[in-house]
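Given next are the chains, with one letter for each unit.
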Amino acid sequence: MGVGPLGLETTRTTDDRGRPPGTEPDGCAGPGFRHDAVLYDSLDELAAIAAPFLLEGLAAGDGAVIAAGPATTAAIRAAVGDHPLVLSLERQALYRARTPTAIKAFRGLGEQASPGRRVRVVGEVDFGTTTADRVEWQRYEAVINAAFASSPLWGLCAFSTDLPEPLLATARHTHPHLVDDDGRATNADYVDPVTYLAGLPVPDEPLERTPPALAADDVTDFIALRRAVRAHLAAVDGPPDLLEDFQLAVDEMTSNGIRHGRRPVSLRLWTAPGTVVCTIRDAGAGPSDPFAGYGPAHGEDLSAGGMGLWLARQLCDHVALRAGERGNSVRLTTHWS
């Protein structure tokens, strides 16, 4: 047994994408993902539930992690007696604006579990300050039921009852089990992730209703378009690294539309102080997988391709997919202050 880069004792295990998290299929080598939620009225109430969850895990050989805001972390640490094996991570180190970053980080935690055990995580998502932020993290809560199905993780997601009702509804609809003072129970309000994702709105982007800085219809010359986009972005007063990432995401999505979509392929680019937006459309049906872009399409075999949307989700703040009778579109958005 070794020690991984995050200080957890190293390990490993599995589960099945088609079953509710926490269900171990026949022949499974070990425990799979469990995804619980606790809706709490006070930090004392949360600490009284979270501390036994972590300490009982340590006693059984599980890892124990807190990934929450400062006040929540302090309350839980006090309740576990500042146990040295309870690892505290800054919330922003895991829950960043881009959800694939969090997915990769938590998978990394799971890889450090002891054989046949899980890593238990008390997590508290920062849902952000905008509608687009909130919707993306609502998507995340549903997506991870599939994304982590084969990971030895046990998440206890903390939701303050002071949160807006749409976020409390997310807690009830995306967690197969709820935990309270009486213990852990099956959640009757849990919704299949595919159904839940289909019901989430695509946030509005006001810039799309204004004249674009660049418009291209029926794109056939990808290289020329790439140069035109680069020239427009070069004139934007923004962080060069963010703009370079945005350029790469635009390249990936335009290339996808040309290679895998149906003509005509069109592009619209908008720039505003602190914001760049690009929408690429084609006449095809678009991705059919509701979890598209939250991991490489071909798993760990990156040489097999299928990475465009996954890269775009990591390179931009927000990626919105829309499909209709006349085709589909992908909207890329990046902000800075």
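A brief report on the enclosed structure follows. From a predicted model like this one, the values you see are computed outputs, not experimental measurements.

Analysis parameters
Residues numbered from 1 in each chain as written. Predicted model: local features only at pLDDT ≥ 70, side-chain atom pairs only at ≥ 80, totals over all residues. Heavy atoms only, no water. Pairing = 2+ DSSP bridges. Helix = DSSP H or I, 4+ residues; strand = E, 2+ residues; numbered from the N terminus. Axes fitted to C-alpha atoms, helices over the stretch in contact; angles between N-to-C directions. Phe/Tyr/Trp six-rings, centres within 6.5 Å; stacked < 30°, edge-to-face > 60°. Buried < 20%, exposed > 50% of the residue type's maximum accessible area, 1.4 Å probe, protein only. Lys NZ or Arg CZ within 6 Å of the ring centre and 35° of its normal. Parallel < 35°, antiparallel > 145°, perpendicular 65-115°, else oblique. Left-handed = near helix turned anticlockwise from the far one by under 90°. Contact = heavy atoms within 4.5 Å. Nonpolar A, V, L, I, M, F, W, Y, C, P; charged D, E, K, R; others polar. Salt bridge = Lys/Arg side-chain N within 4 Å of Asp/Glu carboxyl O.

1. A look at the sheet that holds strand β10 (residues 275-282)
Picture the strands of a sheet paired through backbone hydrogen bonds; they go either parallel or antiparallel.
So, point 1. In spatial order, the strands read β8-β9-β10-β12-β11; together these five strands make up an open sheet with antiparallel pairing. The open sheet has two edge strands with one neighbour each: β8 (214-216) and β11 (318-324). Sheet twist, expressed as the mean angle between neighbouring strand axes with direction ignored, is 10 degrees.
So, point 2. The pairing of β10 with strand β12 (residues 327-335) spans eight bridges and is antiparallel. Among the inter-strand pairings, D282 is bridged to a residue of β12, identified as N328.

2. Digging into the packing of aromatic side chains
So, point 1. Taken as a whole, this structure holds five aromatic pairs when the rule is applied.
So, point 2. Both rings, one in F106 and one in F148, keep their centres 6.3 Å apart while their planes meet at 70 degrees; by these two values the pair is edge-to-face. In this pair, F106 is assigned in helix α4 (residues 99-110) and F148 in the loop between α5 (131-147) and β5 (153-160), connecting sequence segments 42 residues apart. Of the two residues examined, F106 and F148, each falls in the buried class.
So, point 3. By way of ring pairs, the aromatic residues F33, F106 and F148 are connected into one cluster.
So, point 4. The lysine or arginine in question, R34, covers the ring of W154, its NZ or CZ lying 4.4 Å from the ring centre.

3. As for the packing of helix α8 (residues 222-234) against helix α9 (residues 240-260)
For any two helices packed against each other, the geometry is given by the interaxial angle and the distance between the axes.
So, point 1. Relative orientation of the contacting elements α8 and α9 amounts to 155 degrees, with a least axis distance of 11 Å. Taken together, the axis directions place α8 and α9 in an arrangement best described as roughly antiparallel. Relative to α9, α8 is oriented so that their crossing is right-handed. Facing α8, whose interface residues are F222, L225, R226, V229, R230 and L233, α9 presents L243, E244, F246, Q247, V250, D251, T254, S255 and I258.
So, point 2. Grouping the amino acids of the contact of α8 with α9 by side-chain chemistry returns eight nonpolar, three polar and four charged.

4. Considerations on helix α10 (residues 308-315)
So, point 1. When you tally the buried positions in α10, you get seven out of eight residues, the bulk of the element.
So, point 2. Of the positions making up α10, those classed as buried are G308, L309, W310, A312, R313, Q314 and L315.

5. Side note on unusual backbone geometry
So, point 1. With an omega of 0 degrees, the peptide bond running from R263 to P264 counts as cis.
So, point 2. Within the element layout of this structure, P264 appears in the loop between α9 and β9 (266-272).
So, point 3. Positive phi, close to 50 degrees, is recorded for D82, a residue that is not glycine.
So, point 4. Position of D82 among the secondary structure elements: in the loop between α2 (70-79) and β3 (86-90).
So, point 5. Positive phi, normally seen in glycine, also occurs at D218, with a value near 50 degrees.
So, point 6. Note on placement: D218 falls in the loop between β8 and α8.
So, point 7. Relative accessible area serves as the criterion here: at 36%, D218 is assigned to the partly exposed category.

6. Focus on the pattern of salt bridges
So, point 1. Applying the stated criterion across every chain yields a total of 14 salt bridges.
So, point 2. Put simply, D82 and R77 hold a salt bridge, and the shortest N to O gap is 2.6 Å.
So, point 3. Assessed through its relative accessible area of 17%, R77 is described here as buried.
So, point 4. Between R98 and D317 there is a salt bridge, with its nearest N and O atoms 3.0 Å apart. Of this pair, R98 sits in the loop between α3 (91-94) and α4 while D317 sits in the loop between α10 and β11, and the two are 219 residues apart along the sequence.
So, point 5. Taken together, the shared-partner salt bridges in this structure form one network comprising D62, R117 and R120.

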